[in-house]
Amino acid sequence: MNQDAAAASEDLHWDAIERIRDMESDELWESIFALRKGASRRVLDQALSWSKSSDPFHRSVGVSILAQLGPDGQAYPEESIQAIRSMLPIERDHEVITSLISALSFRKMTEATPWLLSLADDPSEDIRWRIAWALPIPGIDDPRMYQASLQTLLKLMQDPVPLVRDWSTFSLSMTDEDTPIVRQALLERLSDSDFQTRSEAAVGLANRKVPEGRSEEHTSELQSPCNLVCRLLLEKK
């Protein structure tokens, strides 16, 4: 595709995003994915501009594009990370905050861990489950922040909202942390009322070779077609 054709295609995606104006729309995300993949300098400049807009929708889209640019998602790191970082102290819009949470994880901005931890008690379950999904930020090497992330996940595993418990249990189970406290927290989730949360706990216990997590009931849950990933992990044991 030549430069003019690429620019025209980008314009169509920007126009579609503006027309839809719904961050829950699959069609809108198809355009975001296309712009991310193209990752031209023109896309970067537009995303940077939108991230500074007075319109929260534009800021959310801008951040979502800056979060992952190029084939590996890491193109234009300096410009993207600087823009994302500058928004953290001042952003108050709910939708934009959810976009920022994702961006911090995708861009592996470990220095922003305290900002994520500060949102763990947010009244919005939409924000809390995203915090649970994002922790710990990949590549974190600060022992204090890593442990704080684990403690936050342990707390979120007790959340009244199933989706929050599910993601926090998943995130904890995927870490290498294997302590009595972690094992006990995962064991407690085996009796969770939510199937997905029980499944994630069973995976975490299987990975840690905890005998109590391998009962017939929980093995059956791991083998359920509803949780293919869990089933594949069990078959490797």
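These numbers were taken from a predicted model, which means no experiment stands behind them.

The rules behind the values
Residues numbered from 1 in each chain as written. Predicted model: local features only at pLDDT ≥ 70, side-chain atom pairs only at ≥ 80, totals over all residues. Heavy atoms only, no water. Salt bridge = Lys/Arg side-chain N within 4 Å of Asp/Glu carboxyl O. Buried < 20%, exposed > 50% of the residue type's maximum accessible area, 1.4 Å probe, protein only. Axes fitted to C-alpha atoms, helices over the stretch in contact; angles between N-to-C directions. Helix = DSSP H or I, 4+ residues; strand = E, 2+ residues; numbered from the N terminus. Parallel < 35°, antiparallel > 145°, perpendicular 65-115°, else oblique. Contact = heavy atoms within 4.5 Å. Nonpolar A, V, L, I, M, F, W, Y, C, P; charged D, E, K, R; others polar. Core = buried A, V, L, I, M, F, W, Y, C linked by side-chain atoms within 4.5 Å.

A.B. asks: Help me understand the pattern of salt bridges, please; the structure alone is not making it clear to me.
C.D. replies: If the charged atoms of two oppositely charged side chains come close together, the side chains can form a pair. This structure, assessed with the given rule, holds 15 salt bridges. Between E27 and R19 there is a salt bridge whose closest N-O contact spans 3.0 Å. A relative accessible area of 56% places R19 in the exposed class. Of the charged contacts, one joins R128 and D159 as a salt bridge, the two residues approaching to 2.7 Å between their closest N and O atoms.

A.B. asks: Which parts of the structure should I look at to understand the packing of helix α6 (residues 94–106) against helix α8 (residues 125–134)?
C.D. replies: The angle between the axes and the distance between the axes are what describe a pair of packed helices. Contact geometry for α6 and α8: axes closest at 10 Å, N-to-C directions at 5 degrees. In terms of orientation, α6 and α8 fall into the roughly parallel class. Here H94, I97, T98, I101, S102, S105 and F106 of α6 lie close against α8, whose contacting residues are D126, I127, R130, I131, W133 and A134. Partitioned by chemical class, the residues of the contact of α6 with α8 number 7 nonpolar, 4 polar and 2 charged.

A.B. asks: I keep staring at the nonpolar core and nothing clicks. Help me out?
C.D. replies: With 63 residues, the main nonpolar core has I17, V61, I65, I101, W115 and L116 as its most contacted residues. The residues touching V61, leaving out its near neighbours within four places in the chain, are W14, I17, M23, I32 and W50.

A.B. asks: Would you mind showing me how to read unusual backbone geometry here?
C.D. replies: Only a minority of non-glycine residues have a phi that is not negative, and only a minority of peptide bonds are not trans. Cis geometry marks the peptide bond from L135 to P136, where omega comes out at -20 degrees. On the secondary structure map, P136 appears in the loop between α8 and α9 (143–156). Even without glycine at this site, Y76 takes up a positive phi of about 50 degrees. Note that Y76 resides in the loop between α4 (56–67) and α5 (77–87).

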